[in-house]
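Per-entry structural report
One letter stands for each residue in the lines below.
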Amino acid sequence: MLRQIEGSRAVAQAVALCRPEVICAYPISPQTHIVEALGEAVKSGALSPCEFINVESEFSAMSVAIGASAAGARAYTATASQGLLFMAEAVYNASGLGLPIVMTVANRAIGAPINIWNDHSDSMSQRDCGWLQLFAENNQEALDLHIQAFKLGEELSMPVMVCMDGFILTHATERVDMPAQPEVDAFLPPYEPRQVLDPSEPVSIGAMVGPEAFMEVRYLAHAKQTMALERIPQIAEEFARRFGRSSGGLVRAYRCEDAETIVVALGSVLGTLKDAADELRDGGVRVGVLGIQSFRPFPLAAVRAALHGAKRVVVLEKSFSVGLGGIVSTDVRVALSGLTLHGYTVIAGLGGRAITKASLVRTLTEAIADRLAPLTFMDLDWRIVERQLQREAATRRSGPVAENLLRDVGPVASKVR
Amino acid sequence: MTAEIKFYQTGTFTVGNRLLAPELHSVQASIERSNSLNSGHRACQGCGEALGARYAVDAAMRATSNRLIACNATGCLEVFSTPYPETSWQLPWIHSLFGNAAAVGTGIAAALKVKGKTDVRVIAQGGDGGTTDIGFGCLSGMFERNDDVLYICYDNEAYMNTGVQRSSATPPAARTATTMAVGPRPGASFGQGKNLPLIAMAHRIPYVATATVADLHDLEAKVDTAMRVRGARYLHVLVPCPLGWGSASHDTIRLARLARETGLFPVFEAEHGEVTAVTHIRRRVSVLEYLRPQRRFAHLFGTPGHPEMLARIQEEADRNIRRFGLLDASEA
């Protein structure tokens with residue numbers, strides 16, 4: 001059924017259609033509307049049987065999900081930003097134990113300085129934690145990926161993070177096609193756990209493992225992700241067959257066939273990028289866009305296949321590894337091992353900095369002319385950066401960085417150009 | 001009802017099973033006991049925690065007709081019982097992290113509720129570090145929501161698993177690896193041991209109790225009482241640690257008894273935030289008798305020693321005796 005609703009509400013409804021049995025909630029912007037809507041569904045009886053637990057922290061949220069999943073329940077939670085970091089120990093634990101929890105990450109920057117707006121620093125900080133990480137391009141895909149995530153995670157007995165851009169998607173009202181309950185039931189069978197805490201068949205879960213088997217346990221986590229590389233496209237295909245639309249998969253190419261330059265990115269910025277590519281194409285520039293839907297497992301072969309005919313790759317990232325550069329770029333380079341392509345990393349949109357089509361066209365034009373710096377921070381305000389560096393060179397007690405910069409910026413609401 | 005008789009074996013203060021009616025025999029005395037924490041684990045000789053856990057979990061198993069799931073914080077109990085694949089646990093058991101046992105318990109209880117398995121019950125257990133320090137937030141949350149979990153803290157008053165470092169349950173003046181017996185104020189120089197039972201009571205949960213491994217019959221009875229109640233319950237068990245306390249392994253039970261008989265560790269029960277019963281001190285003893293056999297307090301004795309600290313610890317014991325009314329009417 002077509003509906004015009006907020007992204008968070010769409011995701012909440014999709015999660016409810018998956019019949020979760022335990023939902024843990026700790027509020028953090030911009031995730032709040034998702035758990036609020038689910039809480040209402042449980043309290044009103046619309047989603048039943050389901051336990052909705054108001055926990056006292058994100059660490060507890062993931063821990064409650066771990067207990068519920070280990071006792072055989074389909075468990076769900078959602079978080080963002082600082083919340084994901086606060087639960088990090090339990091995030092690793094859930095994947096280490098092989099518990100197929102599904103979690104929405106409403107992507108948001110990490111402080112300091114505190115910032116509630118969108119980038120990908122939060123989920124990227126957990127890229128090695130063993131969870132599968134799927135990125136949604138729009139609200140329809142966010143909704144669809146949750147339904148696929150439960151199926152994928154439960155088949156593999158591994159947890160899945162569905163990443164959707166905070167505010168840009170979570171708070172945007174868009175038209176979505178909401179599936180009906182029987183359709184979801186036919187696609188997603190009831191959860192059949194591989195391991196369960198059951199008095200009639202007692203097992204110990206989470207025992208100490210020494211050097212004699214630890215590497216094998218860790219390798220098996222990697223093997224699960226390798227299996228996911230096969231299952232993700234199959235599940236996306238089955239989803240398309242049943243629901244009549246394409247969502248998910250490993251990667252999605254846009255106008256890449258004859259492209260000399262391909263821009264790689266994740267999440268909602270793909271929409272703007274496609275518009276920018278169209279504009280450049282109108283001017284005769286052969287440019288395409290490669291969206292990565294599955295960041296973990298990282299689809300090395302699919303990325304290589306999509307990029308190997310190009311001359312130039314630009315990776316546009318909403319987070320970066322301080323002291324190195326691009327995070328996604330590093331993975332893309334592994335995929336392109338042995339190939340000689342011009343490669344550029346463009347860091348953009350940190351902390352909610354708007355990524356405009358105009359800026360993208362300008363930056364890509366520079367890249368296509370091979371005039372772009374290998375690591376470029378798009379729309380960086382060099383004036384205030386230089387001023388702060390001079391201040392620090394001149395004075396030992398130069399004061400707090402963020403506050404200095406804000407004074408220099410003056411009263412402006414955003415940096416939209 | 002005939003006259004009340006106290007069943008203590010001469011000289012040992014141990015309640016004699018054989019003097020009790022069969023229905024009052026301890027769970028451990030029964031051949032039907034579940035041996036939930038089976039033999040063959042790697043606890044130290046004289047480990048109070050292994051003893052307390054064995055009695056507590058078996059009592060909970062009997063109270064639930066073996067329909068029980070346990071979750072465990074990281075710590076000695078988790079480590080000595082489960083080096084893979086030699087688990088000692090004969091019931092469904094999960095270890096997740098150091099600080100989240102109470103929350104994992106909440107999750108299990110929620111799953112059981114939603115699946116209609118209300119006959120299956122949940123216990124969560126941890127040491128004092130996992131309870132009073134790193135797991136405190138999760139524990140308070142579980143209490144505040146009144147989730148159907150019995151949390152058992154085995155308190156040996158420091159981080160023994162990592163090599164005897166101070167926890168917030170470490171008593172004043174005790175030597176640990178991080179409160180060294182050096183300088184003008186040797187040993188733990190601040191705090192008086194965080195009192196989790198009183199904090200649990202402040203949450204007004206249905207049932208809070210303390211116990212020691214000196215009176216295992218009492219420990220079993222309290223577990224049994226706890227399992228008859230729904231909602232959040234808290235049981236705090238004092239478990240001496242020969243390694244960390246610097247005591248002889250054959251003194252574990254004697255020290256636990258002395259902790260109670262000095263007044264340093266009040267043994268009581270509380271319901272909905274109100275104390276409902278206390279175990280009276282049978283023979284009041286000076287704290288010196290309790291402290292002297294423990295090397296963690298050795299720096300307080302001798303010349304010059306720290307008589308002011310000994311006096312402070314005695315004051316603490318006297319305060320507990322007043323506050324909880326620990327003296328028997330005949331003693332007072």
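Rules and cut-offs
- Residues numbered from 1 in each chain as written.
- Chains lettered and ligands numbered in written order.
- Predicted model: local features only at pLDDT ≥ 70, side-chain atom pairs only at ≥ 80, totals over all residues.
- Helix = DSSP H or I, 4+ residues; strand = E, 2+ residues; numbered from the N terminus.
- Buried ≥ 20, exposed ≤ 12 C-beta atoms within 10 Å, placed from the backbone.
- Contact = placed C-beta atoms within 7 Å.
- Core = buried A, V, L, I, M, F, W, Y, C linked by C-beta atoms within 7 Å.
- Domains from an automatic or database assignment.
- Expected span 1.5 Å × (residues − 1).
- Nonpolar A, V, L, I, M, F, W, Y, C, P; charged D, E, K, R; others polar.
- Pairing = 2+ DSSP bridges.
- Axes fitted to C-alpha atoms, helices over the stretch in contact; angles between N-to-C directions.
- Parallel < 35°, antiparallel > 145°, perpendicular 65-115°, else oblique.
- Left-handed = near helix turned anticlockwise from the far one by under 90°.

Next up on the list: the overall build of chain A. The number of helices and strands found in chain A is 15 helices and 16 strands. Counting only C-alpha atoms and orienting by the principal axes, one finds that chain A spans roughly 70 × 55 × 55 Å. In chain A, which comprises 417 residues, the share counted as buried stands at 51%. Pairs at least 24 residues apart make up 79% of the contacts formed inside chain A by residues separated by at least 6 positions.

Moving on to the nonpolar core. In this structure, Val22, Ala65 and Val162 of chain A together with Ala60, Ile108 and Val237 of chain B are the most contacted members of the largest nonpolar core, which totals 230 residues. Taken domain by domain, this core gets at least three of its residues from each of domain 1 (2-243) and domain 2 (251-377) of chain A.

Another point: the environment of His217 of chain B. Residue and element names in this part refer to chain B. Inspection of the secondary structure puts His217 in helix α7 (residues 216-227). For His217, a count of 22 C-beta atoms within 10 Å translates into the label buried. Placed 39 residues apart in sequence, His217 and Thr178 show a C-alpha to C-alpha distance of 35 Å.

Bringing helix α14 (residues 382-394) of chain A into the picture now. Between its terminal C-alpha atoms α14 of chain A stretches 18 Å, which fits the 18 Å expected from 13 residues at 1.5 Å a residue. When you tally the buried positions in α14 of chain A, you get 0 out of 13 residues, a small fraction of the element.

Right, let's talk about the interface of chain A and chain B for a bit. Facing 37 residues of chain A, the contacting portion of chain B comprises 37 residues. Every element with two or more residues in the side of chain A that touches chain B is listed here: β3 (51-54), α3 (58-70), α5 (88-97) and β9 (204-205) of chain A. Residue contributions to the side of chain A that touches chain B peak at 9 residues, all from α3 of chain A. Broken down by class, the residue content of the side of chain A that touches chain B amounts to 23 nonpolar, 9 polar and 5 charged. Here β9 of chain A pairs with strand β2 (residues 93-95) of chain B via 2 bridges, running parallel. In the sheet register, Ser204 of chain A faces β2 of chain B, and the bridge partner there is Trp93 of chain B.

Counting through the fold element by element, Glu144 of chain B comes out in helix α5 (residues 136-145). With 58 residues separating them in the primary sequence, Glu144 of chain B and Ala202 of chain B have C-alpha atoms 9.7 Å apart.

What links the strands of a sheet is backbone hydrogen bonding, and the strands pair in either a parallel or an antiparallel sense. All names here are of chain A. Read from one edge to the other, the open sheet built from 6 strands follows the order β10-β12-β11-β14-β15-β16, with strand pairing classed as mixed. Strands with a single pairing partner mark the edges of an open sheet, and in this sheet they are β10 (251-254) and β16 (375-377). Pairwise comparison of adjacent strand axes, ignoring direction, gives a mean angle of 20° for this sheet. Relative to strand β12 (residues 287-292), helix α10 (residues 269-282) is tilted by about 165°, and along the sheet it contacts β10, β11 (261-265), β12 and β14 (312-317). Helix α12 (residues 328-335) rests against β11, β14 and β15 (342-347) of the sheet, and its axis sits at about 150° to β14.

Excluding glycine, most residues fall at negative phi; most peptide bonds, likewise, are trans. All names here are of chain A. Here the residue pair Ala112 and Pro113 is connected by a cis peptide bond, since its omega of -5° sits within 30 degrees of zero. The topology assignment puts Pro113 in the loop between β5 (102-107) and α6 (121-125). Of note, Asp379 is a non-glycine position whose phi angle comes to about 60°, a positive value. Within the secondary structure, Asp379 sits in the loop between β16 and α14. A count of 19 C-beta atoms within 10 Å places Asp379 in the partly exposed class.

With that settled, consider the domain arrangement of chain A. All names here are of chain A. Structurally, chain A comprises domain 1 (2-243) and domain 2 (251-377). Computed from C-alpha coordinates alone, the two centres of domain 1 and domain 2 are separated by 27 Å. With 27 residues of domain 1 at the contact, the number on the domain 2 side is 20 residues. Mapped onto the side of domain 1 that touches domain 2, the elements with two or more residues apiece are α6, β6 (132-135), β7 (160-165) and α9 (214-243).

Below, the discussion takes up the pairing of strand β4 (residues 150-155) of chain B. Residue and element names in this part refer to chain B. Here β4 lies mainly inside the structure; 6 of its 6 residues are buried. Because side chains alternate across β4, one face comprises the buried residues Leu150, Ile152 and Tyr154, and the other comprises Tyr151, Cys153 and Asp155, equally buried. The sheet contact formed by strand β3 (residues 121-127) and β4 spans 5 bridges and is parallel. Pairing of Ile123 across the sheet is with Leu150, part of β4. Pairing geometry for β4 and strand β6 (residues 233-238), over 6 bridges, is parallel. Paired with Ile152 across the bridge in β6 is Leu235.

This part takes up the packing of helix α7 (residues 139-156) of chain A against α9 of chain A. Residue and element names in this part refer to chain A. Direction vectors running N to C along α7 and α9 enclose 135°, while the axes themselves pass 10 Å from each other. By the criterion of interaxial angle, the relationship of α7 to α9 is oblique. Of the two possible hands of crossing, α7 and α9 adopt the one that is right-handed. Here Asp144, Gln148, Lys151, Leu152, Glu155 and Leu156 of α7 come into contact with α9, specifically with Lys224, Met227, Ala228, Arg231, Ile232, Ile235, Ala236 and Phe239. By residue class, the composition of the contact of α7 with α9 is 8 nonpolar, 1 polar and 5 charged.

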